[in-house]
Amino acid sequence: MVSYLLRRLPQAALTMLVMSVVVFVGVFAIGNPVDILISPQATATERDNAIRALGLDLPIWQQYWSFLVNLFQGDVGRSFVFNVSALHLIMERLPATLELALASTLLGLVIGMPFGLYAGLAPNSRVSTSIMAGSILGFSLPSFWVGIVMIMLFSVHLGWLPSGGRGDTVYWLGARWSFLTTDGLAHMAMPVLNLALFQISMVIRLTRAGVREVILSDYVKFARAKGLTETRIILVHVLKNILIPVITVVGLNLGTVIAFAVVTETIFSWPGMGKLIIDSINVLDRPVIVAYLMLMVLMFVVINLLVDLAYMVLDPRVRLESR
Amino acid sequence: MTIEVRDLSTHFRLSAGTIKAVDGVSLSVRRGQILGLVGESGSGKTVTGFSIMRLVESPGFIAGGNILFQGTDLARISEEEMRRLRGNRIAMIFQDPMMTLNPVLRIDTQMVETIRAHEKTSREEALRRARDALGMVGIPSPEERLKAYPHQFSGGMRQRVAIAIAFLHKPDLIIADEPTTALDVTIQGQILAEVQKLTSKFGTSLIWISHDLSVVAALADEIAVMYAGRLVEQGKVGEVLDHPLHPYTKGLIDSVPNRNRRGAALNQIKGMTPSLADLPEGCSFRTRCPREAEICKQVPLTREWLHDHTARCHRPYHPTEDFT
Ligand SMILES: Nc1ncnc2c1ncn2[C@@H]1O[C@H](COP(=O)(O)OP(=O)(O)OP(=O)(O)O)[C@@H](O)[C@H]1O
Ligand SMILES: [Mg+2]
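Note that the structure is predicted; figures quoted are calculated from it, not measured. (Residues numbered from 1 in each chain as written. Chains lettered and ligands numbered in written order. Predicted model: local features only at pLDDT ≥ 70, side-chain atom pairs only at ≥ 80, totals over all residues. Heavy atoms only, no water.)

## Overview of the site of ligand 1
All names here are of chain B.
Right, so step 1: By nearness alone, 14 residues border ligand 1, and Ser41, Gly42, Lys45, Thr46 and Val47 come closest of all.
Right, so step 2: Between ligand 1 and Lys45 there is a distance of 2.8 Å, counted from an oxygen atom to a side-chain nitrogen or oxygen.
Right, so step 3: Within the side chain of Glu178, one N or O atom sits 3.1 Å away from an oxygen atom of ligand 1.
Right, so step 4: When isolated, ligand 1 has an accessible area of 630 Å², and the protein chains bury 67% of it.
Right, so step 5: Of the residues belonging to the shell around ligand 1, the class tally is 5 nonpolar, 6 polar and 3 charged. (Near = heavy atom within 4 Å. Polar contact = N/O pair within 3.5 Å; in protein donor to acceptor, adjacent residues only side chain to side chain. Areas by Shrake-Rupley, 256 points an atom, 1.4 Å probe, with all protein chains shown as cover. Nonpolar A, V, L, I, M, F, W, Y, C, P; charged D, E, K, R; others polar.)

## Brief notes about the UniProt feature "domain: ABC transmembrane type-1" (unreviewed entry) in chain A
Right, so step 1: The feature "domain: ABC transmembrane type-1" (unreviewed entry), as annotated in UniProt, sits at residues 94-307 of chain A in this numbering.
Right, so step 2: The span residues 94-307 of chain A shows a helical share of 79% and a strand share of 3%, and its end C-alpha atoms are spaced 21 Å apart. (UniProt positions renumbered as here; feature names shortened; annotations may be inferred. Helix = DSSP H or I, 4+ residues; strand = E, 2+ residues; numbered from the N terminus.)

## So, the environment of Thr266 of chain A
Right, so step 1: Tracing the chain through its elements places Thr266 of chain A in helix 11 (residues 262-267).
Right, so step 2: Taking the C-alpha atoms as reference points, Thr266 of chain A and Ile38 of chain A, 228 residues apart in sequence, are found 27 Å from one another.

## Considerations on the packing of aromatic side chains
Residues and elements named next belong to chain B.
Right, so step 1: A full pass over the atoms with the stated rule returns 13 aromatic pairs over all chains.
Right, so step 2: When the ring of Phe50 is compared with that of Phe94, the centres are 5.7 Å apart and the planes differ by 90°; the resulting orientation is edge-to-face. Of the two residues, Phe50 is situated in helix 1 (residues 45-53) and Phe94 in the loop between strand 6 (90-93) and helix 3 (97-100); the sequence distance between them amounts to 44 residues. Grouping residues by exposure puts Phe50 and Phe94 together as buried.
Right, so step 3: For the pair Tyr227 and Tyr248, a centre-to-centre distance of 4.6 Å together with 55° between the ring planes defines the contact as tilted. Within this pair, whereas Tyr227 is found in strand 9 (residues 222-227), its partner Tyr248 is found in helix 11 (residues 247-254), the two being separated by 21 residues in sequence. No difference in accessibility class separates Tyr227 from Tyr248, as the two residues are buried. (Phe/Tyr/Trp six-rings, centres within 6.5 Å; stacked < 30°, edge-to-face > 60°. Buried < 20%, exposed > 50% of the residue type's maximum accessible area, 1.4 Å probe, protein only.)

## Let's talk about the pattern of salt bridges
Right, so step 1: According to the stated counting rule, one finds 29 salt bridges over all chains in the structure shown.
Right, so step 2: Across the pair Glu113 of chain B and Arg232 of chain A runs a salt bridge, and its minimum N-O distance is 2.6 Å. Of this pair, Glu113 of chain B sits in helix 4 (residues 107-116) while Arg232 of chain A sits in helix 10 (residues 230-259), each in a different chain.
Right, so step 3: Owing to a relative accessible area of 5%, Glu113 of chain B belongs among the buried residues under this scheme.
Right, so step 4: Overall, Arg232 of chain A belongs to the partly exposed group, its relative accessible area being 30%.
Right, so step 5: Put simply, Glu4 of chain B and Arg6 of chain B hold a salt bridge, and the shortest N to O gap is 3.5 Å.
Right, so step 6: Salt bridges here are not isolated pairs; linked through shared partners, they connect Glu125, Arg128, Arg131, Asp132 and Glu143 of chain B. (Salt bridge = Lys/Arg side-chain N within 4 Å of Asp/Glu carboxyl O.)

This is the structure we're talking about:
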């Protein structure tokens, strides 16, 4: 396991390096922040001073080099707008997004697996057809539209749930969390469900496909021939095999959920990273954008690694090969 | 009599029509006896085995007949009663050992669950029995091997594990569905010997499904020959192989390579196995039969032509009465 990690590490570092170039060049292409940051009334000298202070007068490769050097010292730069560390800005918002993404992934599994299991075991029943039709809706309805409908229904019309914000939060493990208070949970309900819709649908389809395949396998037939109860066959023999693809896909999807929570956060004014990055793009706050994108790359790399490790734990065949 | 199957029919209802995969099969096995069930691919051997286990899945269903197991008709009992018999009084060994064990569960889990599905025993006791069972089928250092996963075993070893599982409750009947077909020849012999030893030790009745006549000749007491869902000939192994009545049986025997006739062309049964969806009327073998006659357009009935030797044929070899 350790040797496996050591082998993966340079690979991960290289990915990060390549991505940093892409990100840096990409952000440069968006536009010149000077035009937005400096008031049009400023004199030419003021303008030049500002440009020099931000380091924007240097050629791009030099800017990149100093960015890289700073990066290795753990400094991703300061926000042009807030004049604080970009990383600090992002980290402040990270828990809110993380909370949303993890809760929706959990919901995806908790709702998706039983429904998928049922749809796989009784594929021709009317309930199953409804489940599968529902999962297509979950895939195809645009999440901003669903979000707006949810607000209209539950906040405006019924008045059951708050339409935005995080509600009461509690300080725990160095950050503020909503899920630890009832008010926070009420605020989370709609954005989490909104973000989970796609994942529920995905898990339903994955689970169903897995059940259809595994249930026909010889080892399930053999388990029946051994006289095991149907409950044990499904909960142990079938489920344990299905868990492998489901965990892999859901795990890999977690990065996407975090990165694309933007839409949900915007609709529900959820003060997470997604909202921060949209605001930063609007004012071309380069250091924040770069830091955010680099963090996303890092996150994808780490998640990939974790999924591989989970895979090893779940699948004894992989576990042995990599020893 | 351990098992007595009477007039068993198992059909598959498909969109194209109903397929009679097993069509009026009757067979029986006495305590401690071995019945070899032979026939070419697609003749319905596996479906017969699964029907006895009541493991035929939709779109298949048991359309009729009785499966008398120690006097109880398995075709009539509840699913839960059947579950209590499976793996306990009737066990099954499958064809492909690479596929029969669950890849993500350890061997001990797969053995202990089988014991505890039928008996209230402690885990320790079950583990001890699982270990003994592995030792009994010739798996070296069973204590350690219990903790292994299936992919850590070779095909032959996996089949031994499957056999150990089948014998865990010392069943009265084991249905072995071509358990050696997927293995190479030397291993085949070992597995064969192992099963033979265990059945005679425990007095287990055995239905050995195979398309290999030489294996059946060496192992079985009785033989039943299946063709297109029907039994066409049945009797003592020596008797049937030496004096086949049905032209299909004779064809099967003649197509076995024989070292005394090296170089001579093998006698193939002419034609192809017909699809079960459109069998010829009457005797389903008649279009391939060298002895076909007008009468074969009528369905032949099973008849005891010789003592304890039946065939389903209008014009068998070894006529004991005149044909005209
Ligand atoms: N799930 C199924 N759906 C439809 N038809 C089936 C199904 N299973 C079996 N059959 C039909 O039953 C027939 C007999 O199949 P079976 O598996 O019993 O043959 P077999 O004698 O065991 O052959 P083999 O030697 O290849 O194992 C097949 O030809 C097929 O037409
Ligand atoms: Mg078969």
